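Chains, contacts and geometry: an overview
Spelled out from the first residue to the last, the chains are:
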Amino acid sequence: MERIYRYRMTTTSGGNLSIREPDGSTWITPARVDKGSLTRSDIVLVAPDNRSSGPHPPSSEFPFHQAIYRARPDIQAIVHAHPVALVAFSICRKVPNTRIFHQAYFMGGKVGFAPYALPGSEELGKNIAAQFASGCDSVVLENHGVVVGGSSLSHAFQRFEALEFASKTLIKAQHLGAIRFLNEQELGIAGERRVSNNVMTPNVPSHLELECRKQLIDFIKRGCRQRLLISTEGSYSARISDDSFLITPSQQDREHLRVDDLVLVEGGAHEQGKTPSRASELHRQLYARYPEIHSIVFAHPVNATAFSITDSEFDARTIPESYLFLREVPRIPYGTQYGVKSIDASGVASSPITMGDFISPKNPAGIVENDGVVVMGTSILDAFDRLEVFESTAEAIINARSIGEVCSMPDVVISELRRAFRMD
Ligand SMILES: [Zn+2]
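In short, a report on the structure. None of the values given here were measured: they were computed from a predicted structure. (Residues numbered from 1 in each chain as written. Predicted model: local features only at pLDDT ≥ 70, side-chain atom pairs only at ≥ 80, totals over all residues.)

Let's shift gears to the overall build of the protein chain. Of regular secondary structure, the protein chain possesses 13 helices and 19 strands. Against the globule reference of 22 Å for 424 residues, the protein chain gives a C-alpha radius of gyration of 23 Å, in line with a compact fold. Over its C-alpha atoms, taken along the principal directions, the protein chain stretches across nearly 70 × 55 × 45 Å. Within the protein chain, the fraction of its 424 residues that count as buried is 46%. In the protein chain, once contacts between residues fewer than 6 apart in sequence are set aside, the share between residues at least 24 apart is 69%. (Helix = DSSP H or I, 4+ residues; strand = E, 2+ residues; numbered from the N terminus. Rg over C-alpha atoms; globule rule 2.2 N^0.38 Å. Buried ≥ 20, exposed ≤ 12 C-beta atoms within 10 Å, placed from the backbone. Contact = placed C-beta atoms within 7 Å.)

So, in structure tokens, the structure goes:
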């Protein structure tokens, strides 16, 4: 709850969480306690006979939590909150279409819509439980918010985060143009990416490796705090030598990562007992191709990602800082991240296109269609800095479009910048 509050996904009074115990009792957040400063001892235990113990009464929304658990034996934890983007859908009486991202589509599960009923009422519980009973894992509540279930609290949270992120991206993208939704075939290819089985036992880590581990963890946490990275998606790596680098592990919560969780990849083999991010092979190819690159990040900052789900061009010629950090930002076709062959109009598949065909040390940032962004740098800080500029620029462009016409810096200004900063 502390995290949901910190991410600005609920207010101090809104939202509640619960976990079901195997014996049928439920842990739930208390009613009327500041959500920004809850402690473990504030959480209420409600026994199967509805008697509660703890210093506070249970959340007034306990009835719907109970109704969902009755309807779905597989659900072990529930997140309910009023996050702004999903509330926007709820007050328009719409459900977000998650076919914009592979992650949101598969992680979010089927999304339902429950008609309005008085908060805390048995009727609201009935309306929501009916949606869960029909196979929905997330339900938008009319003029209220959202309820998400999962096999554990962290699973429910990840689902909740993925759904709110998709909703935010859809809203931002409305300012940019028509939205590209993924078809069945496109959704299917994403599942084919596998991590290689080549493992190795690492030597005693060098000072450089230890330092890289520490720095990378610091920047990953900073990226989560700044909402440039989401909890389990994206990947961040740092080069150690010609043929070795450190990378985030697959599917682990970025906010709780420790230095030992980072995975060393050397000569295409990874540390035994750990699973590197599924994008590990992409990182390896980019490091092999560009010796001057020392850090790479695939991330999902919401404004820049909004460009990825429309065909709107991202023009970094907004202010000098943007152009100096980002230069020409290419659009990378969907499928490139999975090493899929490009198919021309006559249906002939050509050799696989790779990320390195689009980005380079001269144009170090790209937009990956229906996915997010990729940024390279000469150091961990350099890549992070660039990612931050990328997101700020994207947000400024989206905001500018609601004020007036976006004016790019003319060629003469760009030439002057290129000369002054020796960019050629
Ligand atoms: Zn509520």
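Let us look at the pairing of strand S11 (residues 244–247). Direction of pairing for strand S10 (residues 235–241) relative to S11: antiparallel, over a ladder of four bridges. By the bridge assignment for S11, Arg239 is matched with Phe245. Taking the residues that link successive antiparallel strands as the turn, the S10-S11 hairpin has two residues. (Pairing = 2+ DSSP bridges.)

Turning next to the packing of helix H2 (residues 62–71) against helix H5 (residues 122–133). Between H2 and H5, the least distance of the axes is 8 Å, while the angle of their chain directions is 30°. In terms of orientation, H2 and H5 fall into the roughly parallel class. Between H2 and H5 lies a crossing whose hand is right-handed. Here Pro63, Phe64, Gln66, Ala67, Ile68, Arg70 and Ala71 of H2 come into contact with H5, specifically with Glu122, Leu124, Gly125, Lys126, Ile128, Ala129, Phe132 and Ala133. Residue classes in the contact of H2 with H5 are distributed as 10 nonpolar, two polar and three charged. (Axes fitted to C-alpha atoms, helices over the stretch in contact; angles between N-to-C directions. Parallel < 35°, antiparallel > 145°, perpendicular 65-115°, else oblique. Left-handed = near helix turned anticlockwise from the far one by under 90°. Nonpolar A, V, L, I, M, F, W, Y, C, P; charged D, E, K, R; others polar.)

Of the positions making up helix H3 (residues 84–91), those classed as buried are Ala85, Leu86, Val87, Phe89 and Ser90. As for H3, its buried residues are in contact with strand S7 (138–141), strand S8 (145–150) and helix H6 (153–173). Once H3 ends, the next one or two residues include Arg93, with phi positive near 55°.

A word on the environment of Leu163. Relative to the helices and strands, Leu163 resides in helix H6. Taking the C-alpha atoms as reference points, Leu163 and Arg258, 95 residues apart in sequence, are found 26 Å from one another. Setting aside chain neighbours within four positions, we find Leu163 in contact with Leu86, Pro96, Thr98, Ala104, Gly108, Val111, Ser138, Val146 and Val148.

Taken together, nine strands build an open sheet; the order of strands is S9-S13-S12-S11-S10-S14-S19-S18-S15 and the sheet is mixed. Of all strands in the sheet, those bounded by a partner on one side alone are strand S9 (199–200) and strand S15 (331–332). Docked against the sheet, helix H8 (residues 207–225) engages S10, S11 and strand S14 (295–299), running at close to 165° with respect to S10. Packed on one face of the sheet, helix H12 (residues 380–401) meets S10, S14, strand S18 (365–368) and strand S19 (372–377) and runs near 140° to S19.

This part covers the sheet that holds S7. Across the sheet, eight strands lie side by side as S4-S3-S2-S1-S5-S8-S7-S6; this open sheet has mixed pairing. Two strands close off the open sheet at either side, each with one partner strand: strand S4 (52–53) and strand S6 (111–114). Judged from the four bridges that link them, S7 and S8 form a sheet pairing that is antiparallel. Among the inter-strand pairings, Val140 is bridged to a residue of S8, identified as Val146. Of the strands in this sheet, strand S1 (16–20), strand S2 (26–28), strand S3 (44–46), strand S5 (77–81) and S8 touch H2, which is tilted by about 145° from S2.

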